[in-house]
Structure formats: C-alpha cells, structure tokens
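Structural features, examined
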Amino acid sequence: MTLLSSIFSAGVRVRNALYDRGALPVRRLDGPVVSVGNLSVGGAGKTPFVILLGALLKRRGIAFDVLSRGYGRTFKNNAAKLVDPGGPPRDFGDEPLLIARKLNVPVVVAQERYLGGRLAEEKFGPQLHLLDDGFQHRQLARDFDIVLVTPEDARDRQLPSGRLREPLSSLWRADALVLTSGAGPEQFHLAGKPLWRLRRGISVDNVPARPVAFCGIARPQNFFLQLRTAGIEPAAEAVFRDHHAYTAQDVRDLLRLAEQSEADGFVTTEKDFINLDGMLSGPLPVAAIPIKMDLLEADRALDFMLSTIADRRRRRT
C-alpha cells in the first residue's frame, strides 16, 4: 500500500470511528430513510436497484421520494432542487433524471441530502425517503442500510490504489447485503447478515443488427459483454468516462465511427441516452438499453425491511 493510500484509509477509519461514537453530528428527517449504497466507486448497480426497490414500494402503495446528490449537474451551490423529469441532465444529473422518469415520484438533488429531505417533507410530507448512493453519507441518519456488493469488491483495495471507498469491514453497518454480478456470501465473511440476491440482465428489443456500441459508465466492458451474451455483436465500440456529458464533437466522432464500421445504428445505456440529450438524432436509430433487475424473494425482503424500520422507530418514541 502506498503512503497516500495509507493516509486515505486512516482518514476513513477515523471519520467512521467518530460517527460510530456519536462524536460527529447526524441529522434525522421526520420520515424514515432507506439508504441504497455500495463500497466501490461506481458500477454496482445502485441506481437500477433504487428503481427496482421503488417499483416494489409502489406496488405496496407506499408513498416515497428519492434523495440524490445529483452527480454531474452544473449548479454547485448547496440548495436542494426538485427534479423536473423533462429537464436537461446538466440541471439535475443523469441518474436522478433516470429515476424520476422511470418511477414518476419526487426526486430531490442536494449535496447535503438532509436539505433535500427537508425540501421533500415540506412539499410532500414525512413519507419514506430512498437515499441513493448513501452508505458513505453518514451525516444523514437512516433507518435501514442496503449495500450492493460485487465479486470485485472482495479482492479490491481502497482508494487511491483501488476502487473501494471503505474497507470490507464497514459492511457490519449494513442491514442487508445485495449480492450482484455473481457475488457469493463466502467472499465477505459476514455471518448473520441478511443476503438478498438479484437476477440482472438487459433488454435488447429493437436494437440494430450491427450497431456502434458506446457508453460512459464505470465498468463499460460489462455492458459490451452483456450485449454479446444477448446475441448483439457490435460493429464498433466507443468508451467515454463515467457520467460523460456528450458534446457536438463526440457526436461527430460517433457518426464517423458508424460510417467507417458500416454500422446500421447505435446502442447505448439509458444513462448515456439521457446524457446525449437528443444530440444523436438523425438517420441512424439509437437504441437505449434498459437494465432489468429482479430481486429474488422480493416480498420477504421488503417485509423484513419494513418491519425493521417500524421496530426501530417505535423504540425511538
């Protein structure tokens, strides 16, 4: 481990220890907070899981909103902002827009999620809050912590020498672990933790036969592999950085790549399609691939989450 990595890891441990002892302030909203997070920098599927969990809550008739940092938005002050589903990604961030469009529920973006929660409660009352990417946002008290883990997490290292934001030992704070991408419980050595399992895939309806495949996500090769597994062989591939805000030059480059590879269209992720903001419209079709997630034994998992929240709130009154 490098000196810089050692200093970073020590800082994380000190901060977490201060929160664990109550030495750093934690603020609580009136409505219950359910955090969905992970250990690594991107690529675990947090946003699709928030959408899945939101759909399960809607099926139960439970009112909720979503609190997000709004990564990638251009306004940088700390004011909370209600997402307009028809607005541009530069105002809200790609993932909050995707959540708002998929779930049709209030989504609030704010660097300090407590302020986002207060705005949501002023407008909609103290309903349940889904905290997107919240495991490390310990300034806001939560009633249930869900953490997604991948096989890569088990053998990774902390930033900056690896992708982990926290050590694996931090998983003791989780109330439920979601095993994704083939992760197994034996990799994490957390006996007694509720383990939720996912089925994950993509829908490839209406995809061109020979598309240019491109994306700006944390693990782009996973997207290309999923396409090939589903029987789509791209004519060419292009990779951009995660949450990439596409430019006119990017569009020209993609059109040139399509011409050179004799592609008949484009295929990308739903998040990238939002970030394109209509810039790639033209004679060649663009297919936006949705991620499909199914939570195995979903009713049992949701019952456990809701009963745990109710028990904890009763004990605080």
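Report follows, based on the coordinates. (Residues numbered from 1 in each chain as written. Predicted model: local features only at pLDDT ≥ 70, side-chain atom pairs only at ≥ 80, totals over all residues. Heavy atoms only, no water.)

Overall, mixed pairing links the nine strands, which are arranged E3-E4-E2-E5-E1-E6-E7-E8-E13 in an open sheet. Since the sheet does not close on itself, it has two edges, and those belong to strand E3 (81–82) and strand E13 (291–295), each with one partner. The pairing of E3 with strand E4 (residues 107–109) spans two bridges and is antiparallel. Bridge assignment links Lys81 to a residue of E4, and that residue is Val109. Helix H5 (residues 113–124) rests against strand E2 (64–68), E3, E4 and strand E5 (128–132) of the sheet, and its axis sits at about 155° to E2. (Pairing = 2+ DSSP bridges. Helix = DSSP H or I, 4+ residues; strand = E, 2+ residues; numbered from the N terminus. Contact = heavy atoms within 4.5 Å. Axes fitted to C-alpha atoms, helices over the stretch in contact; angles between N-to-C directions.)

A word on the packing of helix H2 (residues 46–59) against helix H10 (residues 298–316). The contact between H2 and H10 brings their axes to 11 Å, and the two run at 80°. Looking at the two axes, H2 sits roughly perpendicular to H10. Taken together, the residues of H10 that come into contact with H2 (itself represented by Leu53, Leu56, Leu57 and Arg59) are Ala298, Asp299, Leu302 and Met305. In the contact of H2 with H10, the residues fall into six nonpolar, no polar and two charged. (Parallel < 35°, antiparallel > 145°, perpendicular 65-115°, else oblique. Nonpolar A, V, L, I, M, F, W, Y, C, P; charged D, E, K, R; others polar.)

On to the sheet that holds strand E11 (residues 265–269). Working definition: the strands of a sheet are paired by backbone hydrogen bonds and lie parallel or antiparallel to each other. One open sheet holds the four strands; their spatial order is E10-E9-E11-E12, and the pairing between them is parallel. Whereas interior strands pair on both sides, the edge strands pair on one side only; in this sheet they are strand E10 (236–239) and strand E12 (286–289). Each neighbouring strand pair of the sheet contributes to a mean axis angle of 20°, computed without reference to strand direction. By the bridge criterion, four bridges tie E11 to E12 in an arrangement that is parallel. Looking at the pairing, Thr268 lines up with Ala288 of E12. Against the sheet, helix H7 (residues 220–229) touches strand E9 (211–215), E10, E11 and E12, its axis set at about 150° to E9.

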